[in-house]
Amino acid sequence: MGAEFGRTSGAQSRISQWLRRRSRAGADGDAEATRREDLLLAVAAAGLPLAPAAHPAGYRCSCDRIGCPTPARHPVSFAWQTQSTTDRAQIERWSRHQPQANFITATGMVHDVLDVPLEAGRAALERLLADGIDVGPVAESEGSHGQGRLLFFTATRGTPEDEDEWWPCELDCHPETMDEHPGLRWHCRGSYVLVPPARLPGDLAVGWVRGPEFPLPDPLTLLEILTDECARYAGEPQGDVAAWPLRG
């Protein structure tokens, strides 16, 4: 009887331990999901429209495309421009029904993004802040071997109804022309970027360096220093870059 009781007690103890571990894991998962949703809602509250994007599936993309050229970096719907929204209820539905999804924000509606190589972006950010220039939200997209990017969120140049009023720029970047802009990219009308928090294949991530609570600056106030640092970066050897802490 004593031996049987001991075996039963031991089994119950192991079950109790497993249940406690599972409860803690569930609580951690719930906390992470809540944090993710809060960060996305903060982006929407700042006026930046969102739409769901693909996510990593191991070292591949969650989409069905064989050899996806931009794994975990693209929208899941071809209608992402019209689908993009700041509606809180819709974003909550997406976040809860697609817990692994990344999110993109469509540029050229409310905001643009000046997208630069990581090393050049860090040098530019230090100069901008030292000069007292207003800098808005900044995100870091990690890349292997120091090949990440720094994303400077700015006010948009606008989307006028009259096409003749549109101000084109040779730096304009669209999803299909990303590889053509290894230096400075200007994401405006017809483009998008991932917003934090986002996960990339290879345990990489996109996170905030400066959050969406900062007001969007005029892009022209940043452009000179960004182009200067990109030119400097292009003329120097490209080595590994020490990691900065990401906020989300």
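Residues numbered from 1 in each chain as written. Predicted model: local features only at pLDDT ≥ 70, side-chain atom pairs only at ≥ 80, totals over all residues. Heavy atoms only, no water.

If you trace the three strands from one edge of the open sheet to the other, you get β1-β4-β10, paired in antiparallel fashion. Two strands close off the open sheet at either side, each with one partner strand: β1 (50-53) and β10 (192-195). For this sheet, the mean angle separating the axes of adjacent strands, direction not counted, is 40 degrees. In terms of strand pairing, strand β4 (residues 102-106) meets β10 through four bridges, oriented antiparallel. Its bridge partner lying in β10, isoleucine 104 is registered against leucine 194. Against the sheet, helix α3 (residues 88-97) touches β1 and β4, its axis set at about 15 degrees to β1. (Pairing = 2+ DSSP bridges. Helix = DSSP H or I, 4+ residues; strand = E, 2+ residues; numbered from the N terminus. Axes fitted to C-alpha atoms, helices over the stretch in contact; angles between N-to-C directions. Contact = heavy atoms within 4.5 Å.)

Turning next to the pattern of salt bridges. Charged atoms that come close allow side chains of opposite charge to pair. Using the criterion set out here, one finds 11 salt bridges in the structure. Among the salt bridges present, the one from arginine 35 reaches glutamate 32, with a minimum N-O distance of 3.9 Å. Taken as a pair, arginine 35 and glutamate 32 lie in helix α1 (residues 2-45) at a separation of three residues, close to a single helical turn. Accessibility expressed as a relative area gives 36% for arginine 35, which makes it partly exposed. Glutamate 32 gets classed as partly exposed once you look at its relative accessible area, which sits at 45%. Here glutamate 92 ties to arginine 96 by a salt bridge, and the two come within 4.0 Å at their closest N and O atoms. (Salt bridge = Lys/Arg side-chain N within 4 Å of Asp/Glu carboxyl O. Buried < 20%, exposed > 50% of the residue type's maximum accessible area, 1.4 Å probe, protein only.)

Time to look at unusual backbone geometry. Each neighbour pair has its own omega, and for proline 196 with proline 197 the value is -5 degrees, a cis peptide bond. Relative to the assigned elements, proline 197 resides in the loop between β10 and β11 (198-200). Phi at alanine 72 takes a positive value of approximately 65 degrees, unusual for a residue other than glycine. Residue classification places alanine 72 among the buried positions, given a relative accessible area of 0%. Phi is positive for aspartate 203, which is not a glycine, with a value near 60 degrees. By relative accessible area, which is 77% here, aspartate 203 ends up exposed.

Taken as a whole and assessed by the stated rule, the structure comprises three aromatic pairs. Ring geometry for tryptophan 80 against tyrosine 192: centres 4.9 Å apart, planes inclined by 80 degrees, an arrangement best described as edge-to-face. Remark: tyrosine 192 occurs in strand β10 and tryptophan 80 occurs in helix α2 (residues 80-83); sequence separation between them is 112 residues. Comparing tryptophan 80 with tyrosine 192, the two get one shared label, buried. Between tryptophan 94 and phenylalanine 103 the ring centres are 6.3 Å apart and the planes differ by 50 degrees, which places this aromatic pair in the tilted class. For tryptophan 94, a relative accessible area of 10% translates into the label buried. Directly above the ring of phenylalanine 214 sits arginine 210, whose terminal nitrogen or CZ lies 3.7 Å from the centroid. (Phe/Tyr/Trp six-rings, centres within 6.5 Å; stacked < 30°, edge-to-face > 60°. Lys NZ or Arg CZ within 6 Å of the ring centre and 35° of its normal.)

Tracing the backbone through its elements, the reader meets tyrosine 233 in helix α5 (residues 220-234). Tyrosine 233 sits 113 residues away from alanine 120 along the chain, and the two C-alpha atoms are 5.7 Å apart.

Okay, the nonpolar core next. Grouped together as the largest cluster of nonpolar side chains are 27 residues, with contacts concentrated most on Leu50, Ile91, Ile104, Phe153 and Leu194. Looking at this core, the elements with two or more residues in it are α1, β1, α3, β4, β7 (149-155), β10, β11 and β12 (204-210). Counting residues per element, this core draws most heavily on α1, at five residues. Excluding its chain neighbours within four sequence positions, the residues that come into contact with isoleucine 104 are Pro49, Leu50, Ala51, Ala53, Arg73, Pro75, Trp80, Ser84, Tyr192, Val193 and Leu194. (Core = buried A, V, L, I, M, F, W, Y, C linked by side-chain atoms within 4.5 Å.)

To continue, consider the environment of alanine 234. Its location among the elements puts alanine 234 in helix α5. Distance from alanine 234 to glycine 183, taken between C-alpha atoms, is 7.6 Å for residues 51 residues apart in sequence.

Viewed as axis vectors pointing N to C, helix α4 (residues 118-130) and α5 meet at an angle of 135 degrees, and their least axial separation amounts to 8 Å. What the angle tells us is that α4 and α5 run oblique. α4 and α5 meet at a crossing whose hand is right-handed. On α5, the residues touching Glu119, Ala120, Ala123, Ala124, Arg127 and Leu128 of α4 are Thr221, Leu222, Ile225, Leu226, Asp228, Glu229, Cys230, Arg232 and Tyr233. Tallied by class, residues from the contact of α4 with α5 come to nine nonpolar, one polar and five charged. (Parallel < 35°, antiparallel > 145°, perpendicular 65-115°, else oblique. Left-handed = near helix turned anticlockwise from the far one by under 90°. Nonpolar A, V, L, I, M, F, W, Y, C, P; charged D, E, K, R; others polar.)

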